[in-house]
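Take a look at the letters that make up each chain.
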Amino acid sequence: MSDPHEVDGQVSGRIVAVATGYGLVAGAVACGTFFLMRQVQHLVWGERTQWWYVFLVVCVGGALIAATRRAGLEADVDDQLDPQAARSAQWRRIGVLGLSAVVAVGFGGAVGPEAGLIAVVTELSLLVRDRIARTRAEADLITEAGGAAALAGLYASPPAGAAYRDGAVGRLPVLAASLSGFVGFVVTWHLLGLETHALEVPEGPAGGGLPSAWVVAAAVLGAAAGCGYLLVRHSLLRLAARLGPPARQTMIGSVALAALLAAFPVLRFSGHDDFPVLTAWVVAG
């Protein structure tokens, strides 16, 4: 590949075109994966919220994810030297990651859909960049464009998708990928007939005015919890490594999560589906 800092007009125009085209594809793939998540979610749960059912379903989901982690998708030396085998292994990895993401969200996992969508699109980006990238800058862009497009579509906000990425190749191509990713997500959304899941803001006090002090306190507490997680994340990863192989880690974590969600079903699906409930609680005081 040529130098990553090659920025003449012709290359810049191609970079924007690559970002726009691949962003459209990545947005559509992200929406398709999200559609499968929602379908599995409705199929598995329906209106069931009994504590024993919640516990059982989450444990089954954990067992399915553990089984996929045992799939052993790492290629051997012969596969790595064979381009056809390497591409086949990459497609299998994309499929297994997609299946894991669908199961994680569909079976009630407390991880939001963003993580799974980004994982699937990132693996797809690795496959695409090996086929179409002509420069190192284009290869870097394709990786960034996929994640930006997926988030832009899910959040219905192209600026949010663009802001999430580092923008090593410049903000304009990543923003172009976010815009086309949003379009690809929305078009696919309508073609698949998905229902909206807008996050509504509760009504404020009559006559306007500042939000309640309790709302501000909750926001500060949530931000502090997120920062606290970042501080202890590496320690938690080291602790998880002591539990044994990845499949065992998955099962132990799934049982713990199943107990938590059985006690508080509102936490299923990262809480996304119960925002209307939380809104009603806020309005009712």
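All values reported here derive from a predicted model rather than from experimental measurement.

As for the overall build of the protein chain
Looking only at helices and strands, the protein chain features 11 helices and zero strands. Starting at the N terminus and walking to the C terminus, you meet the elements of the protein chain as α-α-α-α-α-α-α-α-α-α-α. A burial count over the protein chain gives 36% of its 285 residues as buried. Working note: accessible area of the protein chain is about 16,400 Å², and carbon and sulfur atoms make up 66% of it.

As for helix H6 (residues 136–155)
Given a rise of 1.5 Å per residue, 20 residues ought to cover 28 Å, and the 29 Å separating the end C-alpha atoms of H6 matches this to within 8%. Among the 20 residues that make up H6, 17 are buried, leaving the element largely enclosed by the rest of the structure. Following H6 by one or two positions, Ala156 adopts a phi angle in the positive range, close to 55°.

Overview of the pattern of salt bridges
On inspection of all chains with the given rule, the structure shows one salt bridge. Linking Arg93 and Glu123 is a salt bridge whose minimum nitrogen-to-oxygen distance equals 3.2 Å. With Arg93 in helix H4 (residues 83–106) and Glu123 in helix H5 (residues 113–132), this residue pair connects regions lying 30 residues apart in the sequence.

Details of the nonpolar core
In this structure, Tyr22, Phe34, Met37 and Phe185 are the most contacted members of the largest nonpolar core, which totals 36 residues. Broken down by secondary-structure element, the contributors of at least two residues to this core are helix H1 (9–45), H4, H5, H6 and helix H8 (171–192). Apart from the residues within four sequence positions on either side, Tyr22 is in contact with Val121, Leu124, Ser125, Val128, Ile142, Ala145 and Gly146. By size, the runner-up hydrophobic cluster in this structure holds 14 residues, among which are Val58, Val103, Ala258 and Phe269.

Quick look at the packing of aromatic side chains
Both the distance between ring centres and the angle between the ring planes are used here to describe each pair of aromatic rings. Counted under the stated rule, the structure contains five aromatic pairs. Aromatic side chains Phe34 and Trp189 sit 6.0 Å apart centroid to centroid with 20° between the ring planes, which places their arrangement in the stacked category. Of this pair, Phe34 sits in helix H1 while Trp189 is found in helix H8, placing the two residues 155 residues apart along the sequence. Accessibility assignment for this pair places Phe34 and Trp189 in one class, buried. With a centroid separation of 5.8 Å and 80° between ring planes, the pair formed by Trp45 and Tyr53 is classed as edge-to-face. Comparing Trp45 with Tyr53 shows no difference in burial state: the two are buried. Put simply, the rings of Phe34, Phe185 and Trp189 pair up and form one aromatic cluster.

Quick word on the confidence of the model for the protein chain
Per-chain confidence: the protein chain averages 80 in pLDDT, with 77% of residues scoring 70 or above. Taken together, the stretch residues 73–83 has pLDDT below 50 and engages in six contacts with residues farther than four places along the chain or on a different chain.

Description of helix H2 (residues 51–69)
In this model, H2 (19 residues) spans 27 Å end to end at C-alpha, consistent with the 27 Å of a helix rising 1.5 Å per residue. Turning to H2, its buried residues number three or more, namely Tyr53, Val54, Val57, Val58, Cys59, Gly61, Gly62, Ile65, Ala66 and Thr68.

Thoughts on a nonpolar patch on the surface
The grouping of Trp51, Trp52, Phe55, Leu56, Val60, Leu64 and Val255 at the surface amounts to a nonpolar patch, some 680 Å² of accessible area in total. Broken down by element, the nonpolar patch gets its largest block of residues, six residues, from H2. Tracing the backbone shows Leu56 in helix H2. Look at Leu56 and you get partly exposed, because its relative accessible area is 46%.

As for the environment of Ala156
Examined against the element boundaries, Ala156 turns out to sit in the loop between H6 and helix H7 (158–164). Measuring from C-alpha to C-alpha, the distance between Ala156 and Val186 comes to 8.3 Å, with 30 residues separating the pair along the chain. Ignoring any residue separated from it by four or fewer positions in sequence, one finds Ala156 in contact with Leu151 and Phe182.

Digging into the packing of H5 against H6
One way to put it is that H5 packs onto H6 with a least axis distance of 8 Å and a crossing angle of 150°. The orientation of H5 relative to H6 falls into the category roughly antiparallel. With respect to the hand of their crossing, H5 and H6 are arranged in right-handed fashion. Of the residues in H6, those in contact with Pro113, Glu114, Leu117, Ile118, Val121, Ser125, Val128, Arg129 and Ile132 of H5 are Glu138, Ala139, Ile142, Thr143, Gly146, Gly147, Ala150, Leu151, Leu154 and Tyr155. A class-by-class count of the residues in the contact of H5 with H6 yields 12 nonpolar, four polar and three charged.

Quick look at the side chain of Glu138
If you trace the backbone, Glu138 turns up in helix H6. Each residue touching Glu138, except ones within four places of it in the same chain, is listed here: Arg14, Ile15, Ile132 and Ala133.

Thresholds applied
- Residues numbered from 1 in each chain as written.
- Predicted model: local features only at pLDDT ≥ 70, side-chain atom pairs only at ≥ 80, totals over all residues.
- Heavy atoms only, no water.
- Helix = DSSP H or I, 4+ residues; strand = E, 2+ residues; numbered from the N terminus.
- Buried < 20%, exposed > 50% of the residue type's maximum accessible area, 1.4 Å probe, protein only.
- Areas by Shrake-Rupley, 256 points an atom, 1.4 Å probe, with all protein chains shown as cover.
- Expected span 1.5 Å × (residues − 1).
- Salt bridge = Lys/Arg side-chain N within 4 Å of Asp/Glu carboxyl O.
- Core = buried A, V, L, I, M, F, W, Y, C linked by side-chain atoms within 4.5 Å.
- Contact = heavy atoms within 4.5 Å.
- Phe/Tyr/Trp six-rings, centres within 6.5 Å; stacked < 30°, edge-to-face > 60°.
- pLDDT = per-residue confidence, 0-100.
- Patch = residues over 30% accessible without salt bridge, like charges linked within 9 Å, V, L, I, M, F, W, Y side chains within 5 Å.
- Axes fitted to C-alpha atoms, helices over the stretch in contact; angles between N-to-C directions.
- Parallel < 35°, antiparallel > 145°, perpendicular 65-115°, else oblique.
- Left-handed = near helix turned anticlockwise from the far one by under 90°.
- Nonpolar A, V, L, I, M, F, W, Y, C, P; charged D, E, K, R; others polar.

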